[in-house]
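Inside the fold
Below, each chain spelled out in residue letters.
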Amino acid sequence: MSVLIYTENWEGKFKKSTFELLSYGTKVAEMLNTTATAISIGNVEATELAKLGNYGVTRIINTTGDGLNVLDNQAYTKIIADTAVKESASVLVLSNNNTGKALAPRLSVRLKAGIGSGVSVLPLSTDPFIVYKRAYSGNAYAHLKINTPVKILTLSRNSFEIIEKNNGAITENIPLQIGGIKTQLIDVQKQTGKILLNDADIVVSGGRGMKSPDNWGPLVELAELLGAATACSRPVSDEGWRGHEEHTGQTGKIIAPNLYIALGISGATQHLAGVSSSKYIVAVNTDKDAPIFEAAQYGIIGDVQKVIPRLVEAIKEVKSR
Ligand SMILES: Cc1cc2nc3c(=O)[nH]c(=O)nc-3n(C[C@H](O)[C@H](O)[C@H](O)COP(=O)(O)OP(=O)(O)OC[C@H]3O[C@@H](n4cnc5c(N)ncnc54)[C@H](O)[C@@H]3O)c2cc1C
């Protein structure tokens, strides 16, 4: 019995969320009186791979092979499932991001395992195995009892503290030849000069209170000053003021930055469903009773047209010191 943690890399590098995942998986292993093992797929340099050992795992399984540097759902599922069986893993931990959401259901079928998706806290108990998670777009919480021998948990980003602990992890390199890989990456054309919304630590977001697409200049300037990504509410993208790739919420992107700045956004439940996992929410709204202020830690009651330029000036002033 062990806990197996799938550690995703992006072009050979691990992100902060991976270390969060390792810290979580290690704690679950402690609850089960067992050890945690990390599995990495695709080429990652030894120095980068060694970082995984700083967060409590005792083993790192490094699988490499032709065609494995890019996510192929079926190939990755097979590798993780085969490893889980070999390791007698009783719990698998993945990120609740696009990759985790693609792999977890497939692993669930292969391993006949129940899933606790989007968890943000440790299991409440391990026997019975009960997890506590958000339900109905964050409008409710659910206690979920997982009855299967193997359990799969996907962890929401920014929900668990990073705990450094070196357990002298041993790395095992496993070269693989996986046949039947169905997809081949031919070319990647990255967006340039733009911070990706899903990855951003800071997000500056505008709602209908911005009044017109012509008013977005100061919001973008604020985002650039903060090294932030830009986002918007759904009506804003429906109106064509901003592209749909920026729309956050129940029907848009679900994000969990460290800081979410909501400008002229009312805070409807469908919007909050996509942003309420942010560590800090700062809201600017003319209506003191707007629901966004209930979700926000900091709020300014005021007109965005006046407040944003003042924030820009204040940040410039701090930066110039
Ligand atoms: C099935 C379904 C799914 C949905 N999915 C999503 C989703 O994924 N994402 C999403 O965002 N919405 C979604 N919605 C829509 C959602 O219900 C709200 O209508 C929407 O979030 C409101 O957007 P808003 O806050 O920008 O606009 P509004 O509700 O119009 O709010 C504008 C806010 O700006 C404030 N304001 C006005 N002028 C100023 C000013 N000068 N300065 C400062 N503040 C000002 C107002 O007080 C108000 O609070 C969904 C709805 C449904 C039915």
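Further up the page is the structure itself.
Summary of the structure given here. (Residues numbered from 1 in each chain as written. Predicted model: local features only at pLDDT ≥ 70, side-chain atom pairs only at ≥ 80, totals over all residues. Heavy atoms only, no water.)

1. Let's talk about the overall build of the protein chain
To be explicit about the condition: A run of DSSP states H or I qualifies as a helix once it reaches four residues; a run of E qualifies as a strand once it reaches two. Both are numbered from the N-terminal end. A radius of gyration in this sense is built from C-alpha atoms; the matching globule rule multiplies 2.2 Å by the number of residues raised to 0.38. Classification of residues uses two cut-offs on accessible area relative to the type maximum, computed with a 1.4 Å probe and protein chains only: under 20% is buried, over 50% is exposed, and between them is partly exposed. Working rule for contacts: check all heavy atoms of both residues, and any pair within 4.5 Å makes them a contact. Here the accessible surface of atoms and residues is derived via Shrake-Rupley with a 1.4 Å probe, and residues count as covered only by protein chains that are part of the display. Neither His nor the chain ends is counted toward charge; the positive residues are Lys and Arg and the negative residues Asp and Glu. By convention, the point assigned to a charge is CZ for Arg, NZ for Lys, CD for Glu and CG for Asp.
Across its full length, the protein chain carries 9 helices and 15 strands. Taking 2.2 N^0.38 as the reference for a compact globule, 321 residues should give roughly 20 Å; the C-alpha atoms of the protein chain span a radius of gyration of 21 Å, in line with that estimate. The C-alpha extent of the protein chain, read off along each of the three principal axes, is 60 × 45 × 40 Å. For the protein chain, the proportion of its 321 residues judged to be buried stands at 47%. Look at the contacts in the protein chain between residues 6 or more apart in sequence, and 65% of them connect residues 24 or more apart. Surface accessibility of the protein chain: about 16,100 Å² in total, with carbon and sulfur atoms responsible for 51%. When the 33 basic and 30 acidic side-chain charges of the protein chain are each reduced to a single mean position, those positions are 4 Å apart.

2. Quick look at helix α9 (residues 304–319)
Short version of the rule: Between the first and last residue of a helix there are one fewer steps than residues, each counted as 1.5 Å, and that sum is the expected span. In this description, one arc is meant: the one made by directions from the helix axis to the C-beta atoms. Think of a polar contact as two N or O atoms within 3.5 Å of one another; within protein, one of them needs to be a possible hydrogen donor and the other a possible acceptor, and neighboring residues in sequence only count if both atoms come from side chains.
Given a rise of 1.5 Å per residue, 16 residues ought to cover 22 Å, and the 22 Å separating the end C-alpha atoms of α9 matches this to within 8%. All of the buried residues along α9 are V304, V307, I308, V312 and I315. Burial along α9 is one-sided: seen end-on, the buried residues are contained in an arc of 135 degrees. For α9, exposure combined with an orientation more than 90 degrees from the buried face picks out K306 and R310. Elements in contact with the buried residues of α9: α5 (216–226), β13 (259–263), β14 (280–285) and β15 (298–301). Capping the start of α9, D303 holds a side-chain oxygen 2.8 Å from the backbone nitrogen of Q305, two or three residues further along.

3. So, the side chain of S205
Position of S205 among the secondary structure elements: in strand β11 (residues 202–206). Classification of S205 by relative accessible area gives buried; the value is 0%. Here C232 takes part through its backbone nitrogen, which lies 3.3 Å from a polar atom of the side chain of S205. Not counting the four nearest positions on each side in its chain, S205 is found in contact with L219, A231, C232, S233, Y260, I261, A262, L263, I265 and H271.

4. Some words on the side chain of K151
The condition that has to hold: Throughout this description, the term salt bridge denotes a Lys or Arg side-chain nitrogen within 4 Å of a carboxyl oxygen of Asp or Glu.
Take K151: it is sitting in strand β9 (residues 151–155). Among buried charged residues, K151 stands out as having no salt bridge; its nearest opposite-charge side chain is D127, 7.4 Å away. Only 2.9 Å separates the side chain of K151 from the backbone oxygen of T148, close enough to count as a polar contact. Those residues in contact with K151 that lie beyond four places of it in its chain are S90, V91, L92, A113, G114, F129 and I146.

5. Comments concerning unusual backbone geometry
For the bond running from D127 to P128, omega is 0 degrees, close enough to zero to count as cis. Among the secondary structure elements, P128 is positioned in the loop between β6 (125–126) and β7 (129–135). The phi dihedral of E11 is positive, around 50 degrees, even though this residue is not glycine. Structurally, E11 can be placed in the loop between β1 (2–6) and α1 (16–31). Here the phi dihedral of K211 falls at roughly 75 degrees; this positive angle occurs in a residue that is not glycine. Mapping K211 onto the fold places it in the loop between β11 and α5. With relative accessibility at 64%, the residue K211 sits in the exposed group.

6. Thoughts on the site of the ligand
Put simply, the test is: We call a residue near a molecule or strand as soon as one heavy atom of that residue lies within 4 Å of the molecule or strand. Using a 1 Å grid laid over the protein atoms alone, points where a 1.4 Å probe fits but cannot get out form a cavity; open sets with protein on both sides within 12 Å along at least 5 of 7 lines form a pocket; any residue with an atom within 4 Å of a point counts as lining. To be counted as sitting in a cavity or pocket, a molecule needs more than half of its atoms within 2 Å of that site's grid points.
Close contacts around the ligand come from 25 residues, with R208, K211, S233, S266 and N285 the closest. A distance of 3.0 Å separates an oxygen atom of the ligand from a polar atom in the backbone of Q250. A distance of 2.8 Å separates an oxygen atom of the ligand from a polar side-chain atom of Q270. With the chains in place, 74% of the 970 Å² that the ligand exposes on its own is no longer accessible. Here the ligand occupies the second largest pocket. Put simply, the parts of the chain that give the shell around the ligand at least two residues each are α6 (234–238) and α7 (269–275).

7. Re the environment of A36
With respect to the helices and strands, the residue A36 is situated in strand β2 (residues 36–41). Residues A36 and D187, spaced 151 residues apart in sequence, show a C-alpha to C-alpha distance of 35 Å. Ignoring anything within four residues of it in the chain, the contact list for A36 reads V3, I5, G25, T26, A29, V57, T58 and R59.

8. Looking at the sheet that holds β11
Whether parallel or antiparallel, the strands of a sheet pair through hydrogen bonds between backbone atoms. For the record, the criterion: The criterion for strand pairing is that DSSP finds at least two bridges linking the strands in question. To obtain each axis, a line is fitted to C-alpha atoms, and for helices this fit is confined to the stretch in contact; angles are then taken between N-to-C directions over 0 to 180 degrees.
Taken together, the 5 strands give an open sheet; going across it, the order is β12-β11-β13-β14-β15, and neighbouring strands pair in parallel fashion. The open sheet has two edge strands, β12 (229–232) and β15, and neither has a second partner. Strand-to-strand twist across the sheet, computed as the mean angle between neighbouring axes with direction ignored, equals 15 degrees. In this fold α5 packs onto β11, β12 and β13, with an angle of close to 175 degrees to the strand it touches most, β11.

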